[in-house]
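What follows is the residue order along each chain.
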Amino acid sequence: MSLDQIRHYQSKLAYEMDSADLNEALKNGEPIVVVDGRSAGAFEQEHIPGAISLPHREISANSTASLDTSALYVCYCDGIGCNASTKTALKLLTLGFEVRELIGGLDWWKRDGYATHRSQSGSGNESACGCH
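The structure presented is a predicted model; accordingly, all values stated were derived computationally and were not measured.

Draft legend 1. Focus on the packing of aromatic side chains. Taken as a whole, this structure holds two aromatic pairs when the rule is applied. Pairing Y73 with F97 gives two aromatic rings, centres 5.0 Å apart and planes at 75°, and the pair type is edge-to-face. In this pair, Y73 sits in strand β5 (residues 72-76) while F97 sits in the loop between α4 (84-94) and β6 (98-102), placing the two residues 24 residues apart along the sequence. The burial state of Y73 is the same as that of F97; both residues are buried. Centroid distance W109 to Y114: 4.7 Å. Interplanar angle 40°. Geometry classified as tilted. Residue classification places W109 among the buried positions, given a relative accessible area of 4%. With a relative accessible area of 22%, Y114 lands in the partly exposed category.

Structure representation (structure tokens):
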């Protein structure tokens, strides 16, 4: 047994969350804010119900001033081919928020069978991850 390996897995669990854990935490009413770090257009097309749109490129002290600093912020993007969730988590963390990253993003959320909110008028012109 390697102490370094134990620390590695403990860190992953401290910094990441999967869709089943997020769904359970939301059902239990835990103080979690789900954050979509993709573009506003990608959010409008489809997002996790109850999530807020906070594009990573727009995150600043001013844009987050009204957010509850006592909540846990779970950040997501399109999926493993997109790093908007990592950029979002890093920016929120540097502003003093407690954050975790949703493993697999919106893609794995849907693969696990959880509902999404879809726009009826989505243009389909957004890039796949909506972070470009």
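Draft legend 2. Molecular detail of α4. Buried residues of α4: A84, S85, T88, A89 and L92, and no others. Across the axial projection of α4, the buried residues extend over an arc of 130°, all falling on one side. Opposite its buried face, α4 presents the exposed residues L90 and T94, each directed more than 90 degrees away. Here the buried face of α4 lies against β2 (32-36), β5 and β6. Directly after α4, the chain includes G96, whose backbone phi takes a positive value near 100°.

Draft legend 3. Structural context of the state of the cysteines. Per the stated rule, a full pass over the model turns up zero disulfides. Of all cysteine sulfurs, the one in C77 lies closest to C75, which takes part in no disulfide; the gap is 9.6 Å.

What counts and what doesn't
- Residues numbered from 1 in each chain as written.
- Predicted model: local features only at pLDDT ≥ 70, side-chain atom pairs only at ≥ 80, totals over all residues.
- Heavy atoms only, no water.
- Phe/Tyr/Trp six-rings, centres within 6.5 Å; stacked < 30°, edge-to-face > 60°.
- Helix = DSSP H or I, 4+ residues; strand = E, 2+ residues; numbered from the N terminus.
- Buried < 20%, exposed > 50% of the residue type's maximum accessible area, 1.4 Å probe, protein only.
- Arc of directions from axis to C-beta.
- Contact = heavy atoms within 4.5 Å.
- Disulfide = S-S within 2.5 Å.

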